[in-house]
2 protein chains.
Amino acid sequence: MPPPPGDPLGASGPAVLAFGGNALLPDAFHPEEQEPRAHELARIVRVLLDRSPGLVLVHGNGPQVGMILLRVEAARGRLPSEPLDVLVSETQGSIGYLLTRTLRNALVEHAPPIEVACVLTQVVVDPADPAFATPTKPIGPAYSDDVAATLRDQRGWRMVHEDGRGWRRVVPSPEPRSVVELGSIYEAARAGHVVVAGGGGGIPVRRDAAGELVGVEAVIDKDRTASMLAIALRAHRFVVLTGVPHVSLDYATPDERRVERLSSGEAQRLVDEGVFPAGSMGPKVEAAARFAFEVRRPALITDTASLEDALDGRAGTRIDP
Amino acid sequence: MPPPPGDPLGASGPAVLAFGGNALLPDAFHPEEQEPRAHELARIVRVLLDRSPGLVLVHGNGPQVGMILLRVEAARGRLPSEPLDVLVSETQGSIGYLLTRTLRNALVEHAPPIEVACVLTQVVVDPADPAFATPTKPIGPAYSDDVAATLRDQRGWRMVHEDGRGWRRVVPSPEPRSVVELGSIYEAARAGHVVVAGGGGGIPVRRDAAGELVGVEAVIDKDRTASMLAIALRAHRFVVLTGVPHVSLDYATPDERRVERLSSGEAQRLVDEGVFPAGSMGPKVEAAARFAFEVRRPALITDTASLEDALDGRAGTRIDP
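Given the structure is predicted, the values throughout are model-derived calculations rather than measurements. (Residues numbered from 1 in each chain as written. Chains lettered and ligands numbered in written order. Predicted model: local features only at pLDDT ≥ 70, side-chain atom pairs only at ≥ 80, totals over all residues. Heavy atoms only, no water.)

**Some words on the overall build of chain A**
In terms of regular secondary structure, chain A is built from nine helices and 17 strands. The C-alpha radius of gyration computed for chain A amounts to 19 Å, which stays within 12% of the reference 20 Å derived for 321 residues, consistent with globular compactness. By principal-axis analysis of the C-alpha atoms, chain A measures approximately 55 × 45 × 45 Å. When each of the 321 residues of chain A is scored for burial, the buried share is 59%. Long-range pairs, those at least 24 residues apart, make up 74% of the contacts in chain A between residues at least 6 apart in sequence. (Helix = DSSP H or I, 4+ residues; strand = E, 2+ residues; numbered from the N terminus. Rg over C-alpha atoms; globule rule 2.2 N^0.38 Å. Buried < 20%, exposed > 50% of the residue type's maximum accessible area, 1.4 Å probe, protein only. Contact = heavy atoms within 4.5 Å.)

**As for the pairing of strand β1 (residues 15–19) of chain A**
Residues and elements named next belong to chain A. Along β1, five of the five residues are buried, which leaves the element largely enclosed by surrounding structure. Of the two faces of β1, the one lined by Ala 15, Leu 17 and Phe 19 and the one lined by Val 16 and Ala 18 are each fully buried. Across five bridges, the pairing between β1 and strand β2 (residues 55–59) is parallel. Within the sheet, the bridge partner assigned to Leu 17 lies in β2 and is Leu 57. A crossover connection joins β1 to the parallel β2 through helix α1 (residues 34–51); in handedness this β-α-β unit is right-handed. (Pairing = 2+ DSSP bridges. Right-handed = clockwise from strand over helix to strand, strands pointing away.)

**Considering the interface of chain B and chain A**
Contact with chain B, which involves 49 residues of that partner, is made by 49 residues of chain A. Contact between chain B and chain A buries roughly 4,000 Å² in total, counting both sides, with carbon and sulfur atoms accounting for 59%. Where chain B touches chain A, the interface holds two salt bridges. Here B:Arg71 and A:Glu82 are joined by a salt bridge, their closest N and O atoms 3.7 Å apart. Taken together, the links from chain B to chain A amount to 13 residue pairs in polar contact (both at pLDDT 80 or more). Breaking the side of chain B that touches chain A down by element, the ones donating at least two residues are α2 (62–74), α3 (84–106), β3 (116–119), α5 (182–190), β10 (203–207) and β11 (213–215) of chain B. By residue number, the principal contributor to the side of chain B that touches chain A is α3(B), which donates 13 residues. Residues that form the side of chain B that touches chain A fall into these classes: 24 nonpolar, 14 polar and eleven charged. (Buried area = accessible area lost by both parts, 1.4 Å probe. Salt bridge = Lys/Arg side-chain N within 4 Å of Asp/Glu carboxyl O. Polar contact = N/O pair within 3.5 Å; in protein donor to acceptor, adjacent residues only side chain to side chain. Nonpolar A, V, L, I, M, F, W, Y, C, P; charged D, E, K, R; others polar.)

**Regarding unusual backbone geometry**
Here the bond from A:Ala111 into A:Pro112 is cis, since omega is -5°, no more than 30 degrees from zero. Of note, A:Pro112 is situated in the loop between α3 (84–106) and β3 (116–118). The backbone phi angle of B:Arg234 is positive, close to 45°, even though this residue is not glycine. Position of B:Arg234 relative to the elements: it lies in the loop between α6 (222–232) and β12 (237–241). Residue classification places B:Arg234 among the partly exposed residues on the basis of a relative accessible area of 32%. Positive phi is not limited to glycine here, since B:Ala252 has a value of about 60°. Here B:Ala252 lies in the loop between β13 (248–249) and β14 (257–258). Look at B:Ala252 and you get exposed, because its relative accessible area is 65%.

**Describing helix α5 (residues 182–190) of chain A**
Across the nine residues of α5(A), seven count as buried, placing the element largely inside the fold. For α5(A), the complete set of buried residues consists of A:Leu182, A:Gly183, A:Ser184, A:Ile185, A:Tyr186, A:Ala188 and A:Ala189. Residues of α5(A) that are buried make contact with β2, β8 (178–179), β9 (194–196) and α6 (222–232) of chain A together with β3 of chain B. At the C-terminal side of α5(A), A:Gly192 shows a positive phi close to 90°.

**Section: the relation of the copies chain B and chain A**
Overlay of chain B on chain A (RMSD 0.0 Å): rotation 180°, translation along the axis 0.0 Å. Seen this way, the second copy is the image of the first under a two-fold rotation axis. Taken together, the interface assignments show that 100% of the residues at the interface of chain B recur at the interface of chain A, consistent with an identical surface on both copies. (Least-squares fit on C-alpha atoms with pLDDT ≥ 70 in both.)

**Points about the sheet that holds strand β6 (residues 158–162) of chain B**
Residues and elements named next belong to chain B. Spatially, the three strands line up as an open sheet ordered β5-β7-β6, and their pairing is antiparallel. Two strands lie at the open edges of the sheet, namely β5 (137–143) and β6, each paired on one side alone. Each adjacent strand pair in this sheet contributes to an overall mean axis angle of 35°, direction not counted. Inspection of the sheet shows β6 paired to strand β7 (residues 166–171) by five bridges, in the antiparallel sense. Note on β7: the bridge partner recorded for Glu 162 is Gly 166. Strand contacts of helix α4 (residues 145–155): β5, β6 and β7, with the helix running at about 130° to β5, the strand carrying the most contacts. (Axes fitted to C-alpha atoms, helices over the stretch in contact; angles between N-to-C directions.)

**A closer look at the pairing of strand β16 (residues 299–302) of chain A**
Residue and element names in this part refer to chain A. Because side chains alternate across β16, one face comprises the buried residues Ala 299 and Ile 301, and the other comprises Leu 300 and Thr 302, equally buried. Inspection of the sheet shows strand β12 (residues 237–241) paired to β16 by four bridges, in the parallel sense. Residue pairing across strands places Leu 241 opposite Thr 302, the latter belonging to β16. Relative to strand β17 (residues 317–320), β16 runs antiparallel, the two being bridged by three bridges. In the sheet register, Ala 299 faces β17, and the bridge partner there is Ile 319.

**Some points on the side chain of A:Thr225**
Residue and element names in this part refer to chain A. Mapped onto the elements of the fold, Thr 225 is located in helix α6. According to the relative accessible area criterion, Thr 225 is buried, its value standing at 0%. Once residues within four sequence positions are removed from consideration, Thr 225 is found in contact with Val 123, Pro 176, Gly 198, Gly 201 and Ile 220.

Taken by themselves, the reported measurements are silent on function.
In structure tokens form, the structure reads like this:
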């Protein structure tokens, strides 16, 4: 069952940790690099579990979905294709396996023993979400001008041009509205387990007129899904891991400076003003601000190397309620 | 936590239902056929839940893994390949999604509400299992004589010739020894949920000298894994769904006759004598006999159309303790 409002777990709910698919697989052509990176994440998990029991991990899947799309493309015309919801479910399987295996290994000597499990997660979106009218999320390989034109005509794909890469398909990235498996995730987290859930932002589904779940051709931002999960679970802590130690103003300029703390209101205002890049730091700051505002607890944005210092207030960016 | 011996749940444990990947996808080139077949399975699930709460579903994945292997082959040399454990994990994702979505839809008006979840499942095998010396399980596409010879030389694959098809890769099919996620599966089943677990027989792993989990190039028979899960969970009922309404003697001959009931001892003897085809009805009868012997409750082998009659003793084959 989902947590009732005012649930006593609230005071000691799980931590929720979000991190990108490229934290595991920076180069999809070298899958062997995933294992040592998963070990580094397992170290982070131990650090968080030492501070409070119960942890929900929400991973991204960009490079992993990209690789499956390349395979599907390689067999185009000879083998059936697969819609995006199914592709996301496959990456929940493969990344969930990598994480649960590696985390079990990292926790094998932990006393008391810690259960680790991956719950496949469907996330409901609203078909009326404006994102469906304006697809913005690039996925899969880049194409030449000719191929892109053909794909636009034959498959109705929306394409955008990326400098130096070529044309890429863009798909809708609607807001997550609810997590179908919230009850199972809640039960496992309440029991103190480590739960891998909402991978890739969740398998996108909608409810039809009869209330039945139907797959949707979209991808959901994993930071938004993680924030929604953290709010629904009344998480004790929400950490967004990224590739840099903290949020910066005037990033990559001579004036770059660390943002140490922001209130959720200030953070949302900076996001609305477009201070942070859309599709990059913007959604992370927004996800953290929503959590801080709703749950009245601080959220943290940092990288793996700085996490321990950030937990003690010496690094990272903290978004306060 | 796994169930302690003599656990009181024993008297009212979940049902465990095993069925093949081709029950969902008889023709991997027509994935659209999966949806109506999943609906038929959902009907079966309602029948079982009406008789007792809690259900664990163990699905096969033959055609689904075959399709991914075809895609991997189509991109051979240009994209990295994936080991078998990862391929199985991808099918746990995609088939688990299909099943949990369809089952939620079938149970949407059920009162009280029933939680449905898929738990990614690793299954430990023994590296000393004799199956590793004698691979027997064919997977993936069939190859011509020339290609098969190249694959044997370049990749060290074992190949077998199938009449009318060509050469196919064979991989080890070791015995399942334990289920890594048993605790999570047990907790969910005890709460009365429907749990999809052990898909494709489970993601094959072994423990290294340090006790850490390592992926294995093998596939595990899903009926064996289902039987082991049913025993570990002290299941109330174990049903093996197959393509025929019951076990037969002298199958597909003029003397064919239904096997109505067998004791576990008789069943095992017939398996040992090779009365049933290996890789087909043999493993199902053996899996049912092991459950009946260990848990002292009958197991059932039947098809979807006959299940209700079989539960009332009017169809199917029943293996008694």
